Amino acid sequence: MATAKIVRGVSPPSRVLLLLRSRTLTSAVRPYSAATSPPSKAVVYDQHGSPDVVTRVTELPPVEIKEDDVCVRMLAAPINPSDINRIEGVYPVRPLVPAVGGYEGVGEVHAIGSAVKGLSPGDWVIPSPPSSGTWQTYIVKEQTVWQKIDKRTPMEYAATVTVNPLTALRMLEDFVALKSGDTIVQNGATSIVGQCVIQLARLRGIHSINIIRDRAGSDEAKANLKQLGADEVYTESQLEVKNVSGLLDNIPEPALGFNCVGGKSASLILKFLKQGGTMVTYGGMSKKPITVSTSSFIFKELTLKGFWLQRWMSSDKAEERQSMIDYLLGLCRDGKLNYELEVAPFDDFHTALEKAMGKKGSQPKQVLKF
């Protein structure tokens, strides 16, 4: 029987390992062969709580590769805010514990079951829709989980294309019929979604007004966003004026706004929106509620909506989803879509986790390289 090698934390009982890595009891004790995966090094948590406390890196035993299964050697996977929320136990959809962390990533096909068609060892694949358990070196799941992608895609972009860039694309296309010359406004502009919104809007001839926090380095952040194609970038304090539309120079008032912060920052978006405009909320980083003035509803006739990518991904849109992912990856390969990332070795997981949790100040999105 394979034994657990604990890199950090307390050794789990063997029952936990069997739950995590086996569909049946026998698969956990089966020696490595052509019909099983190699042992896997994984980030595991047995209970919900602060990720830097409850996670540990451990070795998990081989898993049987059934006829419809694909064994994937993971290449890279990001640490997203939603990953942290799942471990904390506060995200609406989360795996049962014990569980392996991670939700998206990219890997290389290592082995396939006898009934698998269309995939071969060496192909690059991503879980589509995203699937729990990507923070490990080998994953065995049914073929239906995996989408083949172009291997020419930079690895770090392939690992992160689904959650953030796809959110940006869907929000631009699903709520208001925008045309070239129109304007959008957003907060959280330095986030990956924010950076993608700027670039995807620019490709469509759509102006972007961007709101960022007041913090050290805000001038550099403004310059970086302008380089991506932002028309205007303001700190929150710059918008403490009665008429924000007076700040705009030859840019139409925005018809659509994206809010991922809440609180005061969301109110600033509402101030920018034109008559009949729409604000879409897809996050709440400040953990403060959205407050809307009575006049915004009565006189400006604003509409407030929400967007959750997982609900959209759960709908019957497999072909559309795959087509959009291929489109976004094509933009990445052509240099038309890029965003700030930091690639960290898997062995440095806990350092990368602390950065992702904001314990080391403002940091780029962390991408684990296996």
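Residues numbered from 1 in each chain as written. Predicted model: local features only at pLDDT ≥ 70, side-chain atom pairs only at ≥ 80, totals over all residues. Heavy atoms only, no water.

- Labelled according to an unreviewed UniProt entry, the chain appears under the name Enoyl-[acyl-carrier-protein] reductase, mitochondrial, originating from Anisodus tanguticus.
- According to UniProt, the comment filed for the chain under the heading Sequence similarities (unreviewed entry) is "Belongs to the zinc-containing alcohol dehydrogenase family. Quinone oxidoreductase subfamily." (UniProt positions renumbered as here; feature names shortened; annotations may be inferred.)

## Details of the nonpolar core
Most often, soluble globular proteins keep nonpolar side chains buried together rather than apart.
And then number 1: Grouped together as the largest cluster of nonpolar side chains are 44 residues, with contacts concentrated most on Val106, Leu166, Ile184 and Phe258.
And then number 2: Elements represented by at least two residues in this core include exactly strand 3 (69–78), strand 6 (124–127), helix 5 (155–160), helix 6 (164–174), helix 7 (192–203), strand 12 (256–259), helix 11 (309–314) and helix 12 (318–333).
And then number 3: Look past the residues within four positions of leucine 166 in its chain and what remains in contact with it is Val161, Leu309, Trp312, Met313, Arg321, Met324, Ile325 and Leu328.
And then number 4: In this structure, Val43, Ala99, Trp135 and Ala352 belong to the second largest nonpolar core, which totals 16 residues. (Core = buried A, V, L, I, M, F, W, Y, C linked by side-chain atoms within 4.5 Å. Buried < 20%, exposed > 50% of the residue type's maximum accessible area, 1.4 Å probe, protein only. Helix = DSSP H or I, 4+ residues; strand = E, 2+ residues; numbered from the N terminus. Contact = heavy atoms within 4.5 Å.)

## Looking at the environment of lysine 264
And then number 1: As for its position among the elements, lysine 264 is in helix 9 (residues 263–272).
And then number 2: It is 22 Å that separates the C-alpha atoms of lysine 264 and leucine 225, two residues lying 39 residues apart in sequence.
And then number 3: There is a polar contact of 2.8 Å between the side chain of lysine 264 and the side chain of glutamate 240. (Polar contact = N/O pair within 3.5 Å; in protein donor to acceptor, adjacent residues only side chain to side chain.)

## Some thoughts on the packing of aromatic side chains
And then number 1: All chains considered together, the criterion is met by 6 aromatic pairs.
And then number 2: Here tyrosine 91 and tryptophan 308 contribute two aromatic rings whose centre-to-centre distance is 6.2 Å and whose plane-to-plane angle is 65 degrees, an arrangement assigned as edge-to-face. One end of the pair, tyrosine 91, is in the loop between helix 4 (81–88) and strand 4 (99–100); the other, tryptophan 308, is in the loop between strand 14 (303–306) and helix 11, and 217 residues separate them in sequence.
And then number 3: Among the residues examined, tryptophan 308 registers a relative accessible area of 25% and is labelled partly exposed.
And then number 4: Between the NZ or CZ atom of arginine 86 and the centre of the ring of tyrosine 103, over which it lies, the distance is 3.8 Å. (Phe/Tyr/Trp six-rings, centres within 6.5 Å; stacked < 30°, edge-to-face > 60°. Lys NZ or Arg CZ within 6 Å of the ring centre and 35° of its normal.)

## Considerations on the sheet that holds strand 4
Working definition: the strands of a sheet are paired by backbone hydrogen bonds and lie parallel or antiparallel to each other.
And then number 1: The strand order 2-1-4 describes an open sheet built from 3 strands, whose pairing is antiparallel. In this open sheet, the two strands that pair with only one neighbour each are strand 2 (55–60) and strand 4.
And then number 2: Looking at chain direction, strand 1 (residues 40–45) and strand 4 are connected through 2 bridges and run antiparallel. Among the inter-strand pairings, tyrosine 45 is bridged to a residue of strand 4, identified as alanine 99.
And then number 3: The sheet contacts of helix 13 (residues 349–356) involve strand 1 and strand 2, and relative to strand 2 the element is tilted by about 145 degrees. (Pairing = 2+ DSSP bridges. Axes fitted to C-alpha atoms, helices over the stretch in contact; angles between N-to-C directions.)

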